[in-house]
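Each chain, letter by letter, is given below.
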Amino acid sequence: MKITMIGTGYVGSVTGACLADLGHEVVCLDIDKEKIEKFSKGEMPLYEPGLSDLVKRNVRECRLSFTTDKKAAISGADVVFIAVGTPSTKDGSVDLKYVDSAAEDIGKFMNNYLVIVDKSTVPVGTADRVKDIILKSQKTKIPFDLVSNPEFLREGQAIKDFMAPDRIVIGVDDGAKARQIMHDIYKGIERTGKPVLFTDVKSAEMIKYASNAMLATRISFMNEIARICERAGADVKIVAQGIGLDSRIGSRFLQAGIGYGGSCFPKDVKGLIHTGEEYGVDFKLLKAVEEVNEEQKRYIIPKIVKELGDLKGKRIAIWGLAFKAKTDDVREASSLVIISELQKLGAVIKAFDPEAMHVTKNILKNVEYAKNAYEAAEGCDALVVVTEWDEFRGIDLARVKKLLKKPVIFDGRNIYDPKEMRDMGFTYQSIGRQ
Ligand code: NAD
């Protein structure tokens, strides 16, 4: 199968490389020249575990290539995936300008029957909009089918998630041919027994938003439970364990912390609230989920002020900038809010992240960057754990204690044991625990 991936970001690059690895001939297209040059040279412009090896192998074996040439990439393809970004606009609605422009390019350059697969997260009804744009931009009428195939991969384990997903959702309204082609694309994965759910297009579009909104709801729910635990003397980690053992609930996504971030949950929660409004539905629950999350990103600030007093000139170490571990993605990361709030109060920030510093260097001003976690801690009045990187879990805390000016740790991800920390002589505060 000749597949073109429009958009070579986190989703497009992983999907493209994985589909190539399944034996397809894949061309990844992007408008970002620098990104494409890097991928072509085998240099990864983004951090995703395992991606570099996968890309290099498939390029070497001539199944994967990268280009900015729209015409060459689209003409002659059997299937074109749209994997461009769908950010939020100021009012929270989904900005579809990249999807629209991809659709226009497809209409302009397609020269044979195509299956067009929307992998970007788009509001219910977008497939109809994409169809219209393609029809308008076609010079001669060439048939095509439109499929919705939302992506559920998680950054940091994207390759595993793509190759062994919980499910593959494929929305097709008409066209047995399109359905068969989608089967053929995912044959390699289907063989592993992973369920493929064929739906209509609109339901597939909704499944993606409903999934992310449900996960975000669990996080905000647990963060509010954590607030009560903290005041009442309970431990939110134990509470999560206890409720997670209920098979109706399950144990995943029950970690309290400093709020969700990333390129998906915040924008998808906003997007679904907005879609609700368009259809006359006031999604009160999701509005609260968002409000709780915004509060949670700042939750740790008063605790720091209470402990350290006036923050003017105080040095604070920040461990972790990425919105979660194993990625360099800092979009909507809690670190950005925490650092900006601390700076407003006069604190001096020294930060370390194993992968994301090259990104934040362009975003955050007046931040000192450390070469490693120990260097970040050195001479600081307090340390804040913002991202749950494994290397922070296994760190030599006795050494950290010696390096810090004062042994004060605020753990926004509950990665340490409170009693052990106190026994070591730390002033230790976490989320929803004593
Ligand atoms: P990204 O910003 O990393 O990548 C998008 C890429 O599309 C960019 O490289 C951009 O230059 C390119 N692009 C924009 N317009 C283009 C055009 N007209 N032609 C060619 N390339 C174009 O975004 P992402 O994180 O990969 O997300 C893509 C979509 O997948 C979004 O809708 C997102 O919500 C969804 N999604 C993301 C994740 C994730 O974890 N990142 C997971 C599931 C779904």
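### As for the sheet that holds strand E12 (residues 382–385)
Taken together, 6 strands build an open sheet; the order of strands is E11-E10-E9-E12-E13-E14 and the sheet is parallel. Bordering the open sheet on either side are strand E11 (367–369) and strand E14 (427–429), each of which pairs with just one other strand. Between one strand axis and the next, the sheet turns through 20 degrees on average, direction left out of account. Pairing between E12 and strand E13 (residues 408–411): 3 bridges, direction parallel. Opposite Val 384, over in E13, you have Phe 410 as the bridge partner.

### Considering helix H1 (residues 10–21)
An ideal rise of 1.5 Å per residue puts 16 Å on 12 residues; H1 measures up with 17 Å between its terminal C-alpha atoms. The buried fraction of H1 amounts to 10 of the 12 residues, a majority that puts the element mostly inside the structure. Turning to H1, its buried residues number three or more, namely Tyr 10, Gly 12, Ser 13, Val 14, Thr 15, Gly 16, Ala 17, Cys 18, Leu 19 and Ala 20. Positive phi shows up at Gly 23, right after H1, with a value of about 110 degrees.

### A short note on the packing of helix H14 (residues 300–308) against helix H15 (residues 334–344)
Two numbers describe how H14 lies on H15: the axes approach to 10 Å, and their chain directions differ by 35 degrees. Classified by chirality, the crossing of H15 by H14 is right-handed. For the pair H14 and H15, the contacting residues are Ile 300, Ile 301 and Ile 304 in the first and Ile 338, Glu 341 and Leu 342 in the second. Classifying every residue of the contact of H14 with H15 gives 5 nonpolar, no polar and 1 charged.

### Points about the site of the ligand
The environment of the ligand is made up of 28 residues, and the closest members are Asp 30, Lys 35, Thr 86, Glu 155 and Lys 267. Within the contact set of the ligand, a nitrogen atom lies 2.9 Å away from a side-chain nitrogen or oxygen of Ser 101. Look at the ligand: alone it shows 840 Å² of surface, and the protein chains cover 91% of it. For the shell around the ligand, the elements supplying multiple residues, two or more each, are H1 and helix H5 (97–109). At 3 residues, the largest contribution of residues to the shell around the ligand is made by H5. Lining the shell around the ligand are residues from two domains, each supplying at least three of them: domain 1 (2–199) and domain 2 (208–295).

### Focus: the environment of Asp 21
Here Asp 21 shows up in helix H1. Relative accessible area serves as the criterion here: at 27%, Asp 21 is assigned to the partly exposed category. Sequence separation of Asp 21 and Met 163 is 142 residues, and the distance between their C-alpha atoms is 9.8 Å.

### Structural notes on the nonpolar core
Burial of nonpolar side chains together is a common tendency in soluble globular proteins. One finds Ile 316, Ile 318, Trp 319, Leu 342 and Tyr 416 to be the most contacted residues of the largest nonpolar core, which totals 61 residues. Residue-level mapping places this core at the junction of two domains, with at least three residues from each of domain 2 (208–295) and domain 3 (298–429). Leu 342 has contacts with Ile 301, Ile 304, Leu 311, Ile 316, Ile 318, Ala 347 and Ile 349, leaving out every residue within four places of it along the chain. Judged by nonpolar contacts, the second largest core, of 39 residues, contains Leu 46, Leu 153, Ile 181 and Tyr 186.

### Here's the deal with the sheet that holds strand E3 (residues 64–67)
Spatially, the 8 strands line up as an open sheet ordered E3-E2-E1-E4-E5-E6-E7-E8, and their pairing is mixed. At either end of the open sheet lies a strand with only one pairing partner, and these are E3 and strand E8 (196–199). Ignoring which end each strand starts from, the neighbouring axes of this sheet average 25 degrees apart. Inspection of the sheet shows strand E1 (residues 2–6) paired to strand E2 (residues 25–29) by 5 bridges, in the parallel sense. When the sheet's bridge partners are listed, Ile 3 is paired in E2 with Val 26. Across the sheet, helix H6 (residues 126–137) is in contact with strand E4 (79–82), strand E5 (114–118) and strand E6 (144–148); its angle to E6 comes to roughly 155 degrees.

### Thoughts on the environment of Ala 20
Tracing the backbone through its elements, the reader meets Ala 20 in helix H1. Linking Ala 20 and Ile 134, residues 114 residues apart in sequence, is a C-alpha distance of 26 Å. Excluding anything up to four places from it in sequence, Ala 20 contacts Val 26, Asn 58, Arg 63 and Leu 64.

### A short note on the domain arrangement of the chain
Annotation of the chain at the domain level lists domain 1 (2–199), domain 2 (208–295) and domain 3 (298–429). Between domain 1 and domain 2, the residue contacts involve 17 residues of the former and 12 residues of the latter. Between domain 1 and domain 2, roughly 1100 Å² of surface is buried when both sides are summed, and carbon and sulfur atoms account for 55% of that area. Summed over the shared surface of domain 1 and domain 2, the result is 0 salt bridges. The interface formed by domain 1 and domain 2 contains 3 residue pairs in polar contact (both at pLDDT 80 or more). Grouping the amino acids of the side of domain 1 that touches domain 2 by side-chain chemistry returns 7 nonpolar, 5 polar and 5 charged.

### Points about the side chain of Thr 4
Along the chain, the position of Thr 4 falls in strand E1. Using a relative accessible area of 1% as the deciding quantity, one classes Thr 4 as buried. For Thr 4, the residues in contact, after removing those within four places along its chain, are Val 27, Ala 73, Ile 74, Ala 77, Val 79, Val 80 and Phe 81.

What counts as what
Residues numbered from 1 in each chain as written. Predicted model: local features only at pLDDT ≥ 70, side-chain atom pairs only at ≥ 80, totals over all residues. Heavy atoms only, no water. Pairing = 2+ DSSP bridges. Helix = DSSP H or I, 4+ residues; strand = E, 2+ residues; numbered from the N terminus. Axes fitted to C-alpha atoms, helices over the stretch in contact; angles between N-to-C directions. Expected span 1.5 Å × (residues − 1). Buried < 20%, exposed > 50% of the residue type's maximum accessible area, 1.4 Å probe, protein only. Left-handed = near helix turned anticlockwise from the far one by under 90°. Contact = heavy atoms within 4.5 Å. Nonpolar A, V, L, I, M, F, W, Y, C, P; charged D, E, K, R; others polar. Near = heavy atom within 4 Å. Polar contact = N/O pair within 3.5 Å; in protein donor to acceptor, adjacent residues only side chain to side chain. Areas by Shrake-Rupley, 256 points an atom, 1.4 Å probe, with all protein chains shown as cover. Domains from an automatic or database assignment. Core = buried A, V, L, I, M, F, W, Y, C linked by side-chain atoms within 4.5 Å. Buried area = accessible area lost by both parts, 1.4 Å probe. Salt bridge = Lys/Arg side-chain N within 4 Å of Asp/Glu carboxyl O.

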